[in-house]
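The lines below spell out each chain.
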Amino acid sequence: MQVYLDHAATTPLRREARAAWLAAADEVGNASSIHGYGQGARRLLEEARERLAAVLGCDPIEVVFTSGGTEAVNLAVKGLWWARGDGAEAIVLPDGEHHASLDAVEWLRTNEHAAVRPVRLDGAGAIDPEEFAAALPGAALATALVANNEVGTVNDAAALAGAAASAGVPLHLDAVAALGQVPVSFRTWRGEAEGSAGLCALSVSAHKVGGPAGVGGLVVSRRARLSPLLHGGGQQRGLRPGTQDIAGAAAFAVAAELAEAERETEAERVRALRDTLVRGILSTVPGAELLGDPVARIPGNAHLLFAGASGETLLFLLDQAGVAVSTGSACQAGIPEPSHVVQAMGRTDAEARQVLRFTLGRTTTPDDVATVLGVLPPAVERARAASGTPSAARS
Ligand SMILES: Cc1ncc(COP(=O)(O)O)c(C=O)c1O
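Residues numbered from 1 in each chain as written. Predicted model: local features only at pLDDT ≥ 70, side-chain atom pairs only at ≥ 80, totals over all residues. Heavy atoms only, no water.

Some details on the domain arrangement of the protein chain
Then step 1. Splitting the protein chain by domain gives domain 1 (15-260) and domain 2 (263-390).
Then step 2. If you average the C-alpha positions of domain 1 and of domain 2, the two centres end up 29 Å apart.
Then step 3. Domain 1 puts 26 residues into the contact, and the matching count from domain 2 is 21 residues.
Then step 4. At the boundary of domain 1 with domain 2, total buried surface from both sides reaches about 1,900 Å², with 54% on carbon and sulfur atoms.
Then step 5. Broken down residue by residue, the surface that domain 1 buries against domain 2 is led by Glu150, Val151 and Gln181, which jointly contribute 36%.
Then step 6. Applying the counting rule to domain 1 against domain 2 returns one salt bridge.
Then step 7. Across the pair Glu260 and Arg263 runs a salt bridge whose closest N-O atoms are separated by 3.1 Å.
Then step 8. For the interface between domain 1 and domain 2, the tally reads eleven residue pairs in polar contact (both at pLDDT 80 or more).
Then step 9. Of all the elements in the fold, those that place two or more residues in the side of domain 1 that touches domain 2 are helix H4 (99-112) and helix H8 (246-261).
Then step 10. Partitioning the side of domain 1 that touches domain 2 into residue classes produces ten nonpolar, eleven polar and five charged. (Domains from an automatic or database assignment. Contact = heavy atoms within 4.5 Å. Buried area = accessible area lost by both parts, 1.4 Å probe. Salt bridge = Lys/Arg side-chain N within 4 Å of Asp/Glu carboxyl O. Polar contact = N/O pair within 3.5 Å; in protein donor to acceptor, adjacent residues only side chain to side chain. Helix = DSSP H or I, 4+ residues; strand = E, 2+ residues; numbered from the N terminus. Nonpolar A, V, L, I, M, F, W, Y, C, P; charged D, E, K, R; others polar.)

Right under this line is the structure:
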């Protein structure tokens with residue numbers, strides 16, 4: 001039996017999203033064409049934009065469809081940087097961000113001499129709003145995760161956005177891991193911010209909520225100053241030109257609506273399963289430790305440290321036993337990297353290689369949890385033996 005506990009990597013396509021996708025893919029027409037076919041395509045596209053805007057708490061015109069979360073984050077970070085005011089040369093970048101933000105900022109640092117102002121994470125993986133606020137004055141922009149995709153810790157997005165508004169700094173929030181898990185509202189978080197200060201842009205991605213991969217969106221406030229990455233036919237306020245992927249947009253809108261409609265009931269169900277999993281692991285695997293905030297946490301995320309066991313080895317052993325999980329961290333050229341998020345939480349490099357992320361979702365059942373609890377303890381034993389960790393050092 002196969003158990004899929006990697007919903008944070010991608011979550012299965014929803015039947016309804018697939019149906020909307022296929023139906024829209026069969027429509028002929030470029031949404032920019034004047035004739036009836038074009039108008040039909042435009043109607044489908046604008047309906048998708050309206051439905052997604054309702055989920056995200058913004059105006060339809062503020063939704064810019066992209067090719068996924070990575071493009072949305074790059075558009076926000078680079079776009080805000082290129083449109084910055086005179087004299088602002090720093091980017092506020094908390095530790096432990098997703099690689100889409102980290103690498104976009106690194107590119108600006110290397111190629112455009114951006115100065116980076118890091119903000120430390122606390123031991124639970126949260127951004128301290130006060131430290132974040134202290135880094136803001138005079139910055140060109142700030143970026144932050146709403147929820148950490150690895151350890152699942154949920155940040156105080158309202159406090160981060162409020163601090164950016166007070167400091168007059170444009171903020172991008174990466175809500176890719178948060179959408180469908182915790183409340184997300186662009187309007188609420190933007191509040192009364194003026195002009196291009198405060199929350200200006202928010203990234204989301206379809207495949208994290210049961211839509212297709214390769215489709216995403218960036219909410220861009222009407223008042224934000226943002227330069228495009230691409231140049232072309234002027235579509236989407238000129239912020240993301242190119243003939244639009246209507247089928248992808250339609251599928252994303254349906255998936256996001258369903259994810260939002262069932263968010264509270266699913267959160268309760270999935271959290272209960274997750275808590276059973278965590279309790280079971282802590283009581284059967286000596287030396288296992290739950291990382292991340294136990295309360296301010298994505299409902300389906302269980303992120304554990306197994307001291308003395310390589311996360312990569314464990315992942316491999318669990319895969320052989322039919323259980324798909326993740327270490328959460330990137331793999332560069334086939335060589336597993338220690339998790340930069342776990343390192344940012346003050347853990348050692350060795351510990352940052354001994355973690356596993358289990359992410360549950362809407363297809364997860366109690367049987368899945370029972371299966372993991374059966375196969376995990378011997379897998380940890382084997383992984384520890386493989387790395388030569390004596391049992392006394394484990395608990
Ligand atoms: C927090 C976060 N931001 C951005 C991305 C990138 O999104 P996409 O896979 O749609 O490019 C991901 C994907 O894992 C993510 O978890």
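Thoughts on the sheet that holds strand E10 (residues 301-306)
Pairing between the strands of a sheet comes from backbone hydrogen bonds, and it takes one of two forms, parallel or antiparallel.
Then step 1. Strand order in the open sheet formed by three strands is E9-E10-E14, and the pairing between neighbours is antiparallel. This sheet does not close on itself; its edge strands, each paired only once, are strand E9 (288-290) and strand E14 (355-359). Averaged over all pairs of adjacent strands, the angle between strand axes in this sheet comes to 30°, irrespective of strand direction.
Then step 2. As judged from the three bridges shared by E9 and E10, these two strands associate in the antiparallel manner. In the sheet register, Leu290 faces E10, and the bridge partner there is Leu304.
Then step 3. Contacting E10 and E14, helix H10 (residues 311-320) runs over the sheet at an angle of about 45° to E14. (Pairing = 2+ DSSP bridges. Axes fitted to C-alpha atoms, helices over the stretch in contact; angles between N-to-C directions.)

Let's talk about the packing of aromatic side chains
Then step 1. In the structure shown here, the tally under the stated rule is zero aromatic pairs.
Then step 2. It is Lys78 that lies over the ring of Trp107; its NZ or CZ is 5.1 Å from the centre.
Then step 3. Over the ring of Trp81 we find Arg84; its NZ or CZ atom is 3.7 Å from the centre of that ring. (Phe/Tyr/Trp six-rings, centres within 6.5 Å; stacked < 30°, edge-to-face > 60°. Lys NZ or Arg CZ within 6 Å of the ring centre and 35° of its normal.)

Some remarks on the packing of H10 against helix H12 (residues 366-386)
Then step 1. Close contact between H10 and H12 brings their axes to 9 Å; oriented N to C, the two are set at 135°. Classed by the angle they form, the pair H10 and H12 counts as oblique. Note that H10 runs across H12; the crossing there is right-handed. Contacts from Thr313, Leu314, Leu317 and Leu318 of H10 reach H12 at Val375, Leu376, Ala379, Val380, Arg382 and Ala383.
Then step 2. Among the residues forming the contact of H10 with H12, the class breakdown is eight nonpolar, one polar and one charged. (Parallel < 35°, antiparallel > 145°, perpendicular 65-115°, else oblique. Left-handed = near helix turned anticlockwise from the far one by under 90°.)

A look at the site of the ligand
Then step 1. Lining the immediate environment of the ligand, one finds Gly68, Gly69, Thr70, His98, Leu145, Asn149, Asp174, Val176, Ser205, His207 and Lys208.
Then step 2. A distance of 3.5 Å separates an oxygen atom of the ligand from a polar atom in the side chain of His98.
Then step 3. At 2.6 Å from an oxygen atom of the ligand is found a side-chain nitrogen or oxygen belonging to Lys208.
Then step 4. Compared with its free state, where it exposes 390 Å², the ligand has 84% of that area covered by protein. (Near = heavy atom within 4 Å. Areas by Shrake-Rupley, 256 points an atom, 1.4 Å probe, with all protein chains shown as cover.)

Looking at the nonpolar core
Then step 1. Core analysis: the biggest nonpolar cluster contains 61 residues, and Phe132, Leu173, Trp189, Leu202 and Phe252 have the highest contact counts within it.
Then step 2. The element that contributes the greatest number of residues to this core is H8, accounting for ten residues.
Then step 3. In terms of nonpolar packing, the next biggest core, distinct from the first, is built from 27 residues, Leu304, Val325, Leu360 and Ala379 among them. (Core = buried A, V, L, I, M, F, W, Y, C linked by side-chain atoms within 4.5 Å. Buried < 20%, exposed > 50% of the residue type's maximum accessible area, 1.4 Å probe, protein only.)

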